[in-house]
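# Close look at the chain arrangement
Each chain, letter by letter, is given below.
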Amino acid sequence: MGKVLMKGNEAIGEAAIKAGCLNYFAYPITPQSEVAEYLSRRLPEVDGVFLQGESEVAVSYMVFGAAACGERVFTTSSSPGISLMSEAISYIAGAECPAVFVNIMRGGPGLGGILPSQADYLQATKGIGHGDFRLLVMAPASVQEAVEMVMMAFPLAEKYRNPVMILGDGLIGQMMEPVEFPDRLQSEPINKDDWATNGMAMRKSEQRNLVKSLFLDPEQLNAHNLVLKAKYERMAREEVKYDSYNTAVNYKALVVSYGTMSRVCRTAIDDLKADGFEVGMIRPQIVFPFPESAVYDAASKKSCKIVICIEMSMGQMVEDVERSVKGIRPVRWYGKCGGEVPTPEEVMDAIKACEE
Amino acid sequence: MGKTFQKPISLAEQDTHYCPGCTHGVIHRLVAEVIDELDVRSRTVGIAPVGCAVLAYNYFTFDFLEAAHGRAPAVATGIKRVRPDLIVFTYQGDGDLASIGMAEIIHAANRGEKFTTIFVNNAVYGMTGGQMAPTTMPNQRTTTSPLGRNVEEVGMPIKVAELLSSFETPGYISRQAVLRPKYIVKAKKAIKKAFEYQMQNRCFSFVELVSNCPTNWGLTPVESIKWAEETLLPYYKLGEFKNPDDVEEG
Amino acid sequence: MQSEVMFAGFGGQGILLSGKMLAEAAMAKGFEVAWVPSYGPEMRGGTAYCMVVVSEKSIASPIIQNPMHLIAMNRPSLEKFAPVVKPSGVVLINSSLISAGAGRDDIDELALPVTEIARELGSVKIANIVALGAFVARSKIVDFESLRKTVKEEFADKEKFIPLNMAALDRGKKMALEVEPSNIPRPS
Ligand SMILES: Cc1ncc(C[n+]2csc(CCOP(=O)(O)OP(=O)(O)O)c2C)c(N)n1
Ligand code: SF4
C-alpha cells in the first residue's frame, strides 16, 4: 500500500480494520472525534458495525456485550469520556473479556481543556476502575507507532482476556504523519468457544458459557483475584517494551519520557549533545507493565548522576520511575500541563537545572 | 421602545464566542430579560452544559456553575433541594440533554424538581464539530452520519417536549422557536412562564427552543433559518404541551 | 536538514489544506514529514494555523517554536509569527489583506497580493494555492513539479478544479520569481 499521510485519529481507525476489528462504538469528544467520523464512513464499506452510542457509559457496555461474544471490538474516547467508561472497564476485566480502549488524552481534571496532555497516566496504569485489576497500556509516540500498537492490541487483549488501552496524547490524534500499514492481521480471536457467550449452537456445544464478575463466595473471589494477579505478573514477564536513546555513551543524566513528550526530549538530547552534555533516555512504549529493570539498569550506569522524569502531567510517572530506580539515583521531574507541550529549549533548560 | 435595545442587567457587556448567525445569543438575551423582569437576578443560579454554551457563564451576570456533560439536571436538583429559595435553571443542548443526559432530565422532570430547563435543539452536536444528535432529522448529513441519518439503524429523532409531557407528574412543557421575531416573542413568553412556575414552586418547567447551527449545517445564517423552518418545524411542532393547571383543573 | 513551515490565517482560508499538500509533496519525494494543526476553540471563526515539518531524517519534536518559514494569510498571523521565524527564512505575506511588513531585515520577505490574484483567476478560495505555489518556488523546499502532481491528486475526484488550481500554482511561482530575492544568505 506504500506510505500515506494520515491524521493519527484516522490512522487508528484504519489500523483497527487492518487488525480485523470491524466493531466500533463511540461517542464524540475532542480531540478524537475524527476516529468516529472516519469509521462512520469506512466501516459500512467493509460490512462492519459502527454505532454512535448515547453516552460513553452506554458505549463502554456496548463494547462489553460485543467482547463477551468473542468478537473483536474497540472504542475511542478522551479523558472525561474514559472516566465514564471506567466502570465498564472494571466489569470487562472482572469478566475476563478482551477489548481495546483508546484514550487520546486531554488536560484535566473535570472538563479541563482539549489540548495534548498525559494527565491520565495514573488512571490508566493504576486505577481506572474499582477492584483489583490492571490494563495493559501502550503509549505511542508517532502515528506509525499508534497504528502498530492498535494492531498489536487486539491479539494481546485476547492472549490475556483483558482490556488493553492505547494511551495517546492529543497530538498523536491530531497530527498527520506518513504511515505504512502492516499487512492485515491473520490471527483470529483464540479459544473463544471456551468462554464467550457466542451461542451454544455456534460453538456446537451443550455446555453453556457464563460471562460474569460476581463472586459472592469469598474464597472464590480470592481465587479469581489470584488468577487476575497471575495474568498481570505474566504481562510483566512477557510484554515489557521500551526504546532507548543515546544510551551507548557515558551520559550524565537519564531521561524517562513517553509519547509525544519523548520526541521533544529527543531533540533536546541532540541539542545538548552538541553542547557536549550527554543525556540518555528510556522511553516506555508499554507503560503498564513498566520497564522497571531497563530503567534501573540505565540509571545504574556509572556516569549517570540523576534520573529525570519528563511528562505532560504533574509527575504522575515519577512513582514508577522511583520504584524502578530503587533509590540508587536521585529522581527529579519536569513537566507542563494545560496543553502547551514543553519546547525542546525548555526541556534542555530543565535538564541542565536538574543536573546542577 | 428603549426597552428592546437596552442590554438586560443580567447579560454581560461582552461579545460572545458564538458563530455569526447562531441563535444561542438570542436565547441568552431572552433568558436575561426574563430574569431582569422577574427581578430575581440576585438569587439566580444558572447551570452551563457541555456544548457550545459551556461558556455561557461569561455572558450572564449572576451565579453560574458548570456541570459535566449531560448532568446539569442532577446538579440543579442538588442545588434546589438544599436551597429551594434559589432560582435555578439549566441551559442544555440536544447532545447534552437528549443523549448523554437523558436519564438525568427524565428523572428530574418526573420527580417534578422545581427548576427550569432551557433546551436548545439545533439538531446536531455543535461544539465537537457537527456529529449526529438524537434530534438529527432523517437523512440529515452529519460528520458521523455521512450518508444521512439512517432511521433504520438509529431510529427517528427524539421529540423531547412530547416525551417529557407524557409523565403523570405535573409540569410545564413548551416548545418554541427562535428563528424569527414572530417566534421569539412567543419563546420569551414561554420562558417567562417557566420561571414564574418555578417561583411559585409549582412544578418542573421546560422550554425547548428550535434553533440553528449554520456552521455545522454548512449553511449561511439566512439559509439555516429557511432550512429550520422547512425541515425542523414540521417535525418539532411548536406549542404548549403541558401545564400544571391541566391536572388541577381537569 | 530539517525545515519547518508555519501556515497561518483565518479559518476558511484553506490553511490546513495547503499545509497538507506541502506535506504530501515532500513525502512523495522521500522526506519525513509531520503536519501539526492548531485545534480547539480558537478555530471557531478565529485564526487557523498548522506547522509542516520536512526533514531528511526521522522527526523528533513536532513542536516547533521557531519555524524556518512563514506563510501569513492575515494580519494577526503575521504579527504573531513573524518575530519567531528563523533568520533567512521566507516570510510570505498576503499583501491583499496585510498592509504591513514583517519588520525584520534578516529574512526573505515576499509580499504578494495572493487574494487579488486568486480573484483574478476566478475564485478567492484558491488564494492559499497561489501562496503555496509562490512559497515553494521561492523556498525550493520541495520540487515544484512534485507539488503540482500532489495538488492534481488532491483534486482527483473534483477534476474540474484542477486547471484552476494549476493556474494558481503557476501564477504564484511566476510572481515569486519575479520579485528580486532579498540578499539573505541561505543555509545550504
Ligand atoms: C463525558 C464527555 N463526553 C463527551 C464530551 C465532548 N462534548 C463536548 S460538547 C458535546 C456535544 C454538544 O452538543 P450539544 O449538546 O448538542 O450542544 P451544542 O454544542 O450543539 O450547543 C460533546 C459530545 C465531553 N465534554 N464530556
Ligand atoms: S457551532 Fe453551531 S451551535 Fe455552536 S456556536 Fe456555532 S452555530 Fe452556534
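Keep in mind it's a predicted model, so treat the numbers as computed, not measured. As a convention, each chain's residues are numbered from 1 in the sequence order in which they are written. Here every chain gets a letter starting at A, and every ligand a number starting at 1, in the order they are written. Local features in a predicted model are, by the rule used here, given only for residues with pLDDT of at least 70; side-chain atom pairs are given and counted only at 80 or more, and totals for whole chains, interfaces and linings are based on all residues. The basis for every side-chain value is the complete set of heavy atoms in the structure, and neither hydrogens nor water enter the calculation.

## Points about the packing of aromatic side chains
Residues and elements named next belong to chain B. Two aromatic rings, drawn from Phe, Tyr or Trp (for Trp, its six-membered ring), form a pair once their centres lie within 6.5 Å of each other, and the interplanar angle then sorts them: stacked below 30 degrees, edge-to-face above 60, tilted otherwise. One pass over the full model with this rule turns up 22 aromatic pairs over all chains. Ring geometry for F62 and F64: centres 5.8 Å apart, planes at 25 degrees, overall stacked. On the basis of relative accessibility, which here comes to 8%, the residue F62 falls in the buried class. Within the aromatic cluster, the residues linked to one another by ring pairs are F60, F62, F64, F89 and F195. The buried label goes to any residue with under 20% of its type's maximum accessible area, the exposed label to any with over 50%, and the partly exposed label to all in between, with areas taken from a 1.4 Å probe on protein chains only.

## Structural notes on the confidence of the model for chain B
Chain-level statistics for chain B give a pLDDT mean of 95 and a share of 96% at 70 or above. Reported confidences for the modelled complex are a pTM of 0.94 and an ipTM of 0.91. Per residue, pLDDT captures the predictor's confidence, and it can take any value from 0 to 100.

## Concerning the interface of chain A and chain C
Note on contacts: a residue pair qualifies if any of its non-hydrogen atoms lie within 4.5 Å across the two residues. Listed per partner, the contact involves 27 residues of chain A and 21 residues of chain C. Between chain A and chain C, the buried area comes to about 1900 Å², and carbon and sulfur atoms account for 67% of it. Buried area is calculated as the accessible area (1.4 Å probe) missing from two parts once they are joined, with the contributions of both summed. On the chain A side of the contact with chain C, A:L5, A:M176 and A:R263 bury the most area, a combined 29% of that side's loss. One side-chain nitrogen of Lys or Arg within 4 Å of one carboxyl oxygen of Asp or Glu is enough to make a salt bridge. Summed over the shared surface of chain A and chain C, the number is one salt bridge. By the criterion applied in these results, polar contacts are pairs of N or O atoms within 3.5 Å in which, for protein atoms, one can donate a hydrogen and the other can accept it, and in which residues neighboring in sequence qualify only through two side-chain atoms. The interface formed by chain A and chain C includes six residue pairs in polar contact (both at pLDDT 80 or more). Looking at the side of chain A that touches chain C, the element that brings in the most residues is helix α9 (residues 259–274) of chain A, giving six residues. For this classification, Asp, Glu, Lys and Arg are treated as charged, while Ala, Val, Leu, Ile, Met, Phe, Trp, Tyr, Cys and Pro are nonpolar and the rest, including Gly, are polar. Looking at side-chain class alone, the side of chain A that touches chain C contains 14 nonpolar, six polar and seven charged residues. Per the convention used, a helix needs a DSSP run of H or I reaching at least four residues, while a strand needs a run of E reaching at least two, with both numbered from the N terminus.

## Details of the pattern of salt bridges
All names here are of chain B. Counted under the stated rule, the structure contains 46 salt bridges over all chains. Between D245 and R202 there is a salt bridge, with its nearest N and O atoms 2.5 Å apart. With D245 in helix α11 (residues 244–249) and R202 in the loop between α8 (181–199) and β8 (204–210), this pair connects stretches of sequence that are 43 residues apart. For D245, a relative accessible area of 25% corresponds to the partly exposed category. For R202, a relative accessible area of 27% gives the class partly exposed. The salt bridge involving E230 is made with K226; its shortest N-O contact spans 3.6 Å. In this pair, E230 and K226 are both assigned in helix α10 (residues 221–232), four residues apart and thus about one turn of the helix distant.

## What to know about the nonpolar core
Counting 94 residues, the largest nonpolar core has A:Y24, A:L39, A:F74, A:M138, A:M165, A:L254 and A:V321 as its most contacted members. Per element, the largest residue contribution to this core is 11 residues, and it comes from helix α6 (residues 143–160) of chain A. Beyond its immediate stretch of four places on either side in the chain, A:V321 contacts A:V256, A:F290, A:V295, A:V307, A:C309 and A:V331. The nonpolar core is taken to be a set of buried Ala, Val, Leu, Ile, Met, Phe, Trp, Tyr and Cys residues, with the residues joined through side-chain atoms within 4.5 Å. By size, the runner-up hydrophobic cluster in this structure holds 47 residues, among which are A:L5, C:V33, C:V142 and C:A168.

## As for the site of ligand 2
The nearness test applies per residue and asks whether one of its heavy atoms lies within 4 Å of the molecule or strand. In the vicinity of ligand 2 lie 11 residues, with B:C19, B:C22, B:C52, B:N122 and B:C213 positioned nearest. At the site occupied by ligand 2, nearby residues are drawn from chains B and C. The element that contributes the greatest number of residues to the shell around ligand 2 is helix α9 (residues 214–217) of chain B, accounting for three residues. Residues that form the shell around ligand 2 fall into these classes: six nonpolar, four polar and one charged.

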